[in-house]
Amino acid sequence: MRTLLYTAAALLIVATPVRANKAEYDAAMLKLATSSGCMACHSILPLPKRADGLPPIAPAWRDIAVKYRDDPGASDRLTRTVMTGSDPNSRHWAGKVSGVTMPPNAVVVTEAEARVLVNWILVLVP
C-alpha cells in the first residue's frame, strides 16, 4: 500500500506541468514585448507628455487594461488589432496619444504570442 502511495505521488509530481511564478511570467512577457518592438511605442504605466509637449506615441498598457477590463470581447479584438494594426478612422485614444496608428505586427509575432501578450496586458489593472 505504501509503495502504491509513493508511486502515485511520484506520478503526480512528474505529470504536473512546471509553471512560472508571477515575476518570471512578467519577465517573459516584457522580453516578448521588447523583442517584438512593442515597447518602442507603448509603456506599462502612463507617461506624461513628452519633452516636445506632445502626448505619448501609444496608450500605456495599464490604461488599456482599465479601459477594457469589463469587455468580454477585448482579448479577441485587441489580438486582432495587434496582428492587423489599428484603424486610423477609429481614434478612441484621440487627444491622449499621438495620431500614429499601430502597424500590423504579424511579421514579428505569431497570433498565439499576440494573444498571450494581450491577455497579460489585460490583467495589469491596478
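Residues numbered from 1 in each chain as written. Predicted model: local features only at pLDDT ≥ 70, side-chain atom pairs only at ≥ 80, totals over all residues. Heavy atoms only, no water.

K.L.:
What's the story with the overall build of the chain in this structure? I'm lost.
P.N.:
When helices and strands are tallied, the chain shows five helices and zero strands. In the chain, the order of α-helices and β-strands from amino to carboxyl end is α-α-α-α-α. Buried residues in the chain amount to 28% of all 126 residues. Carbon and sulfur atoms make up 64% of the accessible area of the chain, which amounts to about 8,600 Å² in all. (Helix = DSSP H or I, 4+ residues; strand = E, 2+ residues; numbered from the N terminus. Buried < 20%, exposed > 50% of the residue type's maximum accessible area, 1.4 Å probe, protein only. Areas by Shrake-Rupley, 256 points an atom, 1.4 Å probe, with all protein chains shown as cover.)

K.L.:
Which parts of the structure should I look at to understand the side chain of S43?
P.N.:
Within the secondary structure layout, S43 lies in the loop between α2 (22–35) and α3 (61–68). Judged by its relative accessible area of 12%, S43 is buried. There is a polar contact of 2.7 Å between the side chain of S43 and the backbone oxygen of L45. Setting aside residues up to four positions removed in sequence, S43 forms contacts with P59, A60 and W61. (Polar contact = N/O pair within 3.5 Å; in protein donor to acceptor, adjacent residues only side chain to side chain. Contact = heavy atoms within 4.5 Å.)

Everything listed here is a matter of coordinates, which is why it stays silent on function.
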